[in-house]
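Chain by chain, the residues run as shown.
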Amino acid sequence: MNKDTNSNEVNNKKQIPAFAGIRIAVQKSGRLSDKSLQLLKDCGIKFDNGGRKLSTQAKNFPMEILFLRDDDIPQYVANGVADLGILGLNEVEEKDQEVDVIKQLGFAGCRLSLAVQKDVNYTGLEWFNGKKVASSYTTIVKKFFADKGINATTEEIGGSVEIAPGIGLAEGICDIVSTGSTLIMNGLKEVETVMYSEAVLISNPNLSVEKKEILDKLTFRIDAVQNAQKSKYILLNAPNDKIEEISALLPGMKSPTVLPLAENGWSSLHSVIEENDFWNVIDQLKDAGAQGILVSPIEKLIA
Ligand SMILES: Nc1ncnc2c1ncn2[C@@H]1O[C@H](COP(=O)(O)OP(=O)(O)OP(=O)(O)O)[C@@H](O)[C@H]1O
Ligand SMILES: O=P(O)(O)OC[C@H]1O[C@H](OP(=O)(O)OP(=O)(O)O)[C@H](O)[C@@H]1O
Ligand SMILES: [Mg+2]
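What counts as what
- Residues numbered from 1 in each chain as written.
- Chains lettered and ligands numbered in written order.
- Predicted model: local features only at pLDDT ≥ 70, side-chain atom pairs only at ≥ 80, totals over all residues.
- Helix = DSSP H or I, 4+ residues; strand = E, 2+ residues; numbered from the N terminus.
- Expected span 1.5 Å × (residues − 1).
- Buried ≥ 20, exposed ≤ 12 C-beta atoms within 10 Å, placed from the backbone.
- Arc of directions from axis to C-beta.
- Contact = placed C-beta atoms within 7 Å.
- Core = buried A, V, L, I, M, F, W, Y, C linked by C-beta atoms within 7 Å.
- Pairing = 2+ DSSP bridges.
- Axes fitted to C-alpha atoms, helices over the stretch in contact; angles between N-to-C directions.
- Near = placed C-beta within 6 Å.
- Domains from an automatic or database assignment.

S.K.: Help me get a handle on helix H7 (residues 209-230), residues and values and all.
M.R.: In this model H7 runs 31 Å from its N-terminal to its C-terminal C-alpha over 22 residues, within 8% of the 32 Å that 1.5 Å per residue would give. Where H7 is concerned, the buried positions are Ile 214, Leu 218 and Val 225. Each buried residue of H7 sits inside an arc of 35 degrees when the element is viewed along its axis, so together they form one side. Exposed residues lying more than 90 degrees from the buried face of H7 are Val 209, Asp 216 and Phe 220. At its buried positions, H7 is contacted by strand E1 (22-27) and helix H2 (33-42).

What follows is the structure in structure tokens.
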């Protein structure tokens, strides 16, 4: 490390005002903003985020929230201006900074794909040899082509990437695809998936012990929120001679809670089922004699 870098680092550190908590960077306005803030709220963290303020202090958790452009978040987290960040994995890979990916957050699912004009006779990845690809993610694209031994060039553009082939800027593009409708509307077709992405929580790799403790509290809460979103609380009535059969369909967190009903010969069973199995399990429960099935969402689930 040379002297200049050293003194820059010292200067950078001086510019970071002391804060006895953890600083998390979220996207100021864009596709990730609402869901990032909702996740923090679901974790019980209260804060004001109205107006044009670029930072806010949580009221009941040792956290400051910084509102930034998502492109800047990896750099801020790597140099310690922010301790944590929420952004798309695509942006983390593109910026290639020293940060730890702590958790997948289950929203903003998309893929980064190569696309070409729809009338192109695409024969496979070799088609890109000697071609130019426009993208906002040129680091990822260059690495992808280098790994596959393809000799293509890239043209970095900030947005509206799908227009590039139509105006002769490049033969192909690499951009975010979700439903694929933007590609179709611009006369393009998806030909290769470069990576899958979703929102992730990232961290500076050198957090202090105190900050690590706060991060652990946060990830514990995120786990509880995510578990709850994946599960449903189920309550049903069953004849006593069917309890064993029905219990086998309701593994729950341990086994179902069984309580006698006022009506002789009947019990009430309480358990947790996974959202994914939901309809399947309900059909089997009905067939096994369950009645009065009540299903409700779970707010938090601590395993
Ligand atoms: N159509 C989509 N479906 C799902 N996720 C998406 C979609 N488009 C983008 N994303 C994800 O959301 C992230 C943010 O997208 P957005 O379009 O808000 O970024 P941006 O324009 O770069 O924002 P900023 O102004 O903060 O730089 C992307 O990096 C990607 O991870
Ligand atoms: O496959 P689709 O569902 O059509 O989604 C893909 C589009 O979504 C994103 O753009 P966004 O709508 O966020 O606009 P922006 O690029 O101008 O921010 C992305 O840049 C693609 O253009
Ligand atoms: Mg951006």
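S.K.: Requested: an account of the nonpolar core, with residues and values cited.
M.R.: In a soluble, globular protein the nonpolar side chains are often hidden away together inside. In terms of nonpolar packing, the biggest core is built from 29 residues, with Ile 24, Ile 86 and Ile 202 touching the most fellow members. With 20 residues, the next largest nonpolar core counts Phe 144, Val 161, Ala 170 and Leu 188 among its residues.

S.K.: Describe the sheet that holds strand E2 (residues 55-57), listing the residues and the values that go with them.
M.R.: Hydrogen bonds along the backbone pair up the strands of a sheet, which may run parallel or antiparallel. One open sheet accounts for six strands, arranged E2-E3-E1-E4-E11-E5; its pairing is mixed. Two strands lie at the open edges of the sheet, namely E2 and strand E5 (100-104), each paired on one side alone. Neighbour-to-neighbour, the strand axes of this sheet turn through a mean angle of 25 degrees, independent of strand direction. Both E1 and strand E4 (residues 84-88) contribute to a ladder of two bridges, which runs parallel. Note on E4: the bridge partner recorded for Ala 25 is Gly 85. Those strands touched by H2 are E1, E4 and strand E11 (199-203), and its axis lies near 150 degrees from that of E1.

S.K.: Mind laying out the environment of Lys 230, listing which residues take part and the relevant values?
M.R.: Here Lys 230 is to be found in helix H7. Distance in space between the C-alpha atoms of Lys 230 and Leu 249 is 17 Å, their sequence separation being 19 residues. Leave out the neighbours within four places in its chain, and Lys 230 touches Glu 274 and Glu 275.

S.K.: Could you give an account of the site of ligand 2, with specific residues and numbers?
M.R.: If you check the shell around ligand 2, you find Arg 31, Gly 159, Glu 162, Asp 175, Ile 176, Val 177, Ser 178, Thr 179, Gly 180, Ser 181 and Thr 182 and nothing else. Among the elements of the structure, strand E9 (172-177) and helix H6 (181-185) are those that each provide at least two residues to the shell around ligand 2. Examining the composition of the shell around ligand 2, we find that three residues originate from one element, E9, more than from any other.

S.K.: Could you give an account of the domain arrangement of the protein chain, naming the residues involved and the relevant values?
M.R.: Once the domains are mapped, the protein chain shows domain 1 (3-108 + 199-207), domain 2 (110-197) and domain 3 (231-297). Taking the mean C-alpha position of each, domain 2 and domain 3 sit 50 Å from one another.

S.K.: I'd like to hear about the environment of Leu 105, residue by residue, with values.
M.R.: Here Leu 105 lies in the loop between E5 and strand E6 (110-117). On the basis of neighbour count, Leu 105 is assigned to the buried category, with 22 C-beta atoms found within 10 Å. Taking the C-alpha atoms as reference points, Leu 105 and Ile 222, separated by 117 residues in sequence, lie 8.4 Å from one another. With near-sequence residues (within four places) excluded, Leu 105 lies in contact with Leu 39, Ile 86, Glu 198, Ala 199, Val 200 and Leu 201.

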